[in-house]
Amino acid sequence: MSRFVIMADATCDLAEEYLKEYDIILMPGHISVPDGSDITLCAEWNRFESMENFYGELKKNPSGYTTSPANVEECEEMFEKYAAEGIPVLAIALSSGISGAYNNKLMAKENVLKKYPDAVIECVDSLRFGPGFGLLVVYAAKLRNEGMSIQEVTEYIEQNKNRFHQTGWLDDLSFVAKKGRLTHAKAFFGTLAGVKPIGEFDYNGLTTVIGKVKGAKAAYPVLLDYMEAEIENPEDQIIFIAQSNRYAQAVEYKKMIEDRFHPKAVYINDLYPLSGINVGPGLMAAYYVGKPITEGLVDERALLDKLINGGNE
């Protein structure tokens, strides 16, 4: 097997321990902060002291923070480093549904190939973000470490990325609305009534609310039942749980998942600033591999509706 590099946008939210364990390279992104300065960073809290401090400041001024991926020149520089050494690169990009990261990589690849025509650079649109994206990257690294070629791993991602699910809630929809990702009316309803909006990845690489449950106590069993219907071979899986300032709920969810599905491991992952700016506080969701997600989330909506109220409106 020829060795190759796996490179992913920092918005995959993989902490240092996973990067070392699976030999993954992160491509930094950019954050513009309220004073107008630009910060380049990966999955880290150092520039913001702590998660609590970051989300506290973000909630006070959500419009003061924006993000952008590595630009074409930055991607090109990272690709060229390995092209010059004859090392193939598999670059896995943040979902094209929410970012231009994938297109930047394609343009960078084209530029590098002009200088190094024999270079091997594979660019893949993950159609995922946050720890769901991170889990896909970990699977790619595991397959590489098991001996698959760069072409085989690329093909696996293309064929299976729509099997990477999100099952959880975001309980601060008002914040998402301020970022232009949800109507204010829906956000106000969710926050006012204490509703837990249940989100799932959709066919186009976005997250869509497919149902709502009143309160965490009622939501947990619905999440677990939904996961049971969608997950495949849970005992063979690594499951990620994302949390943006909801660690206690993530710990509770982790225990429930372990007791019910007995996976190989369940890890709680922070939602770092590059992702957190566009999601806000209140995310608590699990990521795993399951059945292919249907177009328009038709089957997934029907399943959740049945679990919530037996299919009765």
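Source: prediction; values computed, not measured. (Residues numbered from 1 in each chain as written. Predicted model: local features only at pLDDT ≥ 70, side-chain atom pairs only at ≥ 80, totals over all residues. Heavy atoms only, no water.)

Participant: Help me out: how do you make sense of the environment of Asp172 in this one?
Facilitator: Note on placement: Asp172 falls in the loop between strand 8 (164–170) and helix 7 (173–178). Sequence separation between Asp172 and Pro28 is 144 residues; the distance between their C-alpha atoms is 27 Å. (Helix = DSSP H or I, 4+ residues; strand = E, 2+ residues; numbered from the N terminus.)

Participant: Honestly, the sheet that holds strand 7 (residues 121–125) in this entry has me stumped. Any pointers?
Facilitator: Adjacent strands of a sheet pair through backbone hydrogen bonds, lying either parallel or antiparallel. Reading across the sheet, the 4 strands line up as 2-1-6-7 and stay open at both edges, with parallel pairing between neighbours. Of all the strands in the sheet, the pair left with one neighbour each is strand 2 (25–27) and strand 7. Adjacent strand axes in the sheet meet at a mean angle of 25° when their direction is disregarded. In terms of strand pairing, strand 6 (residues 89–93) meets strand 7 through 5 bridges, oriented parallel. Paired with Val89 across the bridge in strand 7 is Ile121. Contacts between helix 3 (residues 72–83) and the sheet are confined to strand 1 (5–9), strand 2, strand 6 and strand 7, with strand 2 contributing the most and set at about 150° to the helix. Contacting strand 1, strand 2, strand 6 and strand 7, helix 4 (residues 101–115) runs over the sheet at an angle of about 165° to strand 7. (Pairing = 2+ DSSP bridges. Axes fitted to C-alpha atoms, helices over the stretch in contact; angles between N-to-C directions. Contact = heavy atoms within 4.5 Å.)

Participant: Please explain the packing of helix 3 against helix 4 as it appears in this structure.
Facilitator: Helix packing for two helices is described by the angle between their axes and how far apart those axes are. Contact pair helix 3 / helix 4: the axes reach a minimum separation of 8 Å and the direction vectors enclose 45°. Here helix 4 runs oblique to helix 3, going by the angle between their axes. Handedness of the helix 3/helix 4 crossing: right-handed. Contacts between helix 3 and helix 4 involve Val72, Cys75, Glu76, Phe79, Glu80 and Ala83 from the first element and Asn104, Lys105, Met107, Ala108, Lys109, Asn111, Val112 and Lys115 from the second. (Parallel < 35°, antiparallel > 145°, perpendicular 65-115°, else oblique. Left-handed = near helix turned anticlockwise from the far one by under 90°.)

Participant: What is the right way to read the sheet that holds strand 4 (residues 38–41) from this model?
Facilitator: Taken together, 3 strands build an open sheet; the order of strands is 4-3-5 and the sheet is antiparallel. Only two strands of the sheet have a single partner each, and these edge strands are strand 4 and strand 5 (66–68). Across this sheet, the average inter-strand angle for adjacent strands is 25°, counted without regard to direction. As paired strands, strand 3 (residues 29–32) and strand 4 are joined by 4 bridges and run antiparallel to one another. Note on strand 4: the bridge partner recorded for Ser32 is Asp38.

Read these as spatial facts, not as claims about activity.
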